[in-house]
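In case you want the letters, here they are:
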Amino acid sequence: MGILAVGRWRARVGRPGGDTESELEFARDGSALLVVGGRGSGTWRSTGPDTFSYHILEELTEARGTIEISQDGVLRGDEFVSSGNAVVRLENGTTAREAAIRITAQRLG
């Protein structure tokens, strides 16, 4: 597994309705965490010398359910840009909404 994405990242999440900020953490063991701006966990993997993908299941705070985040990213030094979808699923399994999102991030520390 590539290690270039390993670390903690400050991210700007661009989605319909406006941008938000969060922090992500990618570990050497392939685990991925959303640690600021929500709570969630998942996995990441290297897909090439400077590309990777990640999937995080975020817990909803306002209703019972989850947000499924799937992204493909490109690393450029201490920055990355990723794009993909976010799917909001209610506790009963129905899809409440789906949106394309774009994330730009900078490595922390």
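The structure reproduced in this document is the subject of the present report. (Residues numbered from 1 in each chain as written. Predicted model: local features only at pLDDT ≥ 70, side-chain atom pairs only at ≥ 80, totals over all residues. Heavy atoms only, no water.)

**Some words on the nonpolar core**
One finds Leu24, Phe26, Trp44, Phe52, Tyr54 and Phe80 to be the most contacted residues of the largest nonpolar core, which totals 22 residues. Elements with a minimum of two residues in this core: β1 (7-15), β2 (18-26), β3 (31-36), β5 (51-59), β6 (65-76), β7 (79-90) and β8 (95-107). (Core = buried A, V, L, I, M, F, W, Y, C linked by side-chain atoms within 4.5 Å. Buried < 20%, exposed > 50% of the residue type's maximum accessible area, 1.4 Å probe, protein only. Helix = DSSP H or I, 4+ residues; strand = E, 2+ residues; numbered from the N terminus.)

**Notes on the pattern of salt bridges**
Once the charged atoms of two side chains with opposite charge are near each other, the side chains can pair. Under the definition given, this model contains eight salt bridges. For the salt bridge of arginine 8 with glutamate 23, the shortest nitrogen-to-oxygen distance reads 2.8 Å. On the criterion of sequence distance, the pair formed by arginine 8 in strand β1 and glutamate 23 in strand β2 is long-range, its members being 15 residues apart. Where aspartate 78 meets arginine 107, a salt bridge forms, and the shortest distance between an N and an O atom there is 3.0 Å. Residue aspartate 78 is found in the loop between β6 and β7, and its partner arginine 107 is found in strand β8; the two are separated by 29 residues along the sequence. For arginine 107, a relative accessible area of 24% corresponds to the partly exposed category. The structure contains a network of salt bridges with shared partners spanning Arg8, Arg10, Glu23 and Glu25. (Salt bridge = Lys/Arg side-chain N within 4 Å of Asp/Glu carboxyl O.)

**Some remarks on the sheet that holds β1**
Strand pairing in a sheet relies on backbone hydrogen bonds. The paired strands run either parallel or antiparallel. Around the barrel, which closes on itself, the eight strands sit in the order β1-β2-β3-β4-β5-β6-β7-β8 with antiparallel pairing between neighbours. Taking the axes of each pair of neighbouring strands and ignoring which way they run, one obtains an average angle of 30 degrees across the sheet. (Pairing = 2+ DSSP bridges. Axes fitted to C-alpha atoms, helices over the stretch in contact; angles between N-to-C directions.)

**Comments concerning the environment of serine 46**
Relative to the helices and strands, serine 46 is located in strand β4 (residues 39-48). Judged by its relative accessible area of 27%, serine 46 falls in the partly exposed class. As for serine 46 and arginine 64, which are separated by 18 residues in sequence, their C-alpha atoms are 32 Å apart. For serine 46, the side chain forms a polar contact with the main-chain oxygen of glycine 48, separated by 3.1 Å. (Polar contact = N/O pair within 3.5 Å; in protein donor to acceptor, adjacent residues only side chain to side chain.)

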